[in-house]
Amino acid sequence: MNTRAIVLGVLLGATATVSAADLPAAEVQELYRKKCSTCHMPDGSSPLEPLNFVDNKWTHGSEPAAISKVIAEGVRGTAMMPFKAQLTSVQVEALTAYVRSFDKSLKPAKKK
């Protein structure tokens, strides 16, 4: 769904539902670059074990709900800060799919 369609839907009183799939890949990649890549590396291959997305070792779980929770709420006692005040739920969902995609051993998440 593009921005024009969303605006038109709002103007006409329709309910526009935007999902992570509606975000352009370039926008998701830019979000990752700005919010995540400093710690997790541009390709997700941080040399620090808990920060690495490519090694099939997910400390807090590799399921989308677990990853989304870490992105939104952060991890107490670590450098992983919460992003729920900075990102929409759609952006969190899109980043979840993006970081999961770094680990080629994972099966794609089931569609809702």
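Everything discussed here concerns the structure shown above.
Residues numbered from 1 in each chain as written. Predicted model: local features only at pLDDT ≥ 70, side-chain atom pairs only at ≥ 80, totals over all residues. Heavy atoms only, no water.

*Asks:* Can you break down the overall build of the protein chain residue by residue, with the values?
*Replies:* In terms of regular secondary structure, the protein chain is built from five helices and zero strands. Each of the 112 residues in the protein chain was classed as buried or not, and the buried ones make up 30%. The long-range share in the protein chain, meaning contacts at least 24 apart out of those at least 6 apart in sequence, stands at 50%. (Helix = DSSP H or I, 4+ residues; strand = E, 2+ residues; numbered from the N terminus. Buried < 20%, exposed > 50% of the residue type's maximum accessible area, 1.4 Å probe, protein only. Contact = heavy atoms within 4.5 Å.)

*Asks:* Before we move on, could you go through the environment of E30 and cite the residues and values that matter?
*Replies:* Residue placement: E30 occurs in helix α2 (residues 25–35). Only 2.6 Å separates the side chain of E30 from the side chain of R33, close enough to count as a polar contact. (Polar contact = N/O pair within 3.5 Å; in protein donor to acceptor, adjacent residues only side chain to side chain.)

*Asks:* Give me the packing of aromatic side chains: which residues, what numbers.
*Replies:* This structure, assessed with the given rule, holds five aromatic pairs. Arranged with centres 5.5 Å apart and planes meeting at 20°, the rings of F53 and W58 form a pair that is stacked. Just as F53 is buried, W58 falls in that class too. Through successive ring pairs, a cluster of aromatic residues spans Y32, F53, W58, Y98 and F102. (Phe/Tyr/Trp six-rings, centres within 6.5 Å; stacked < 30°, edge-to-face > 60°.)

*Asks:* Hey, could you go over the environment of L95 for me, with residue numbers and the actual values?
*Replies:* Tracing the sequence through the fold places L95 in helix α5 (residues 89–100). A relative accessible area of 1% means that L95 is categorised as buried. Taking C-alpha positions, L95 is 7.6 Å from L31, a pair spaced 64 residues apart along the chain. Not counting the four nearest positions on each side in its chain, L95 is found in contact with V28, L31, Y32, C36, I71 and L87.

*Asks:* Give me the environment of A20: which residues, what numbers.
*Replies:* Position of A20 relative to the elements: it lies in the loop between α1 (3–11) and α2. Taking the relative accessible area as the measure of exposure, A20 reaches 13% and is therefore buried. Separated by 71 residues in the primary sequence, A20 and Q91 have C-alpha atoms spaced 6.5 Å apart. If sequence neighbours within four positions are ignored, A20 has contacts with V90, E93 and A94.

*Asks:* Mind laying out α2, listing which residues take part and the relevant values?
*Replies:* Buried within α2 are the following residues: V28, L31 and Y32. Each buried residue of α2 sits inside an arc of 100° when the element is viewed along its axis, so together they form one side. Facing away from the buried side of α2 by more than 90 degrees, the exposed set consists of A26 and K34. On the buried face of α2, the contacting elements are α3 (37–40) and α5. (Arc of directions from axis to C-beta.)

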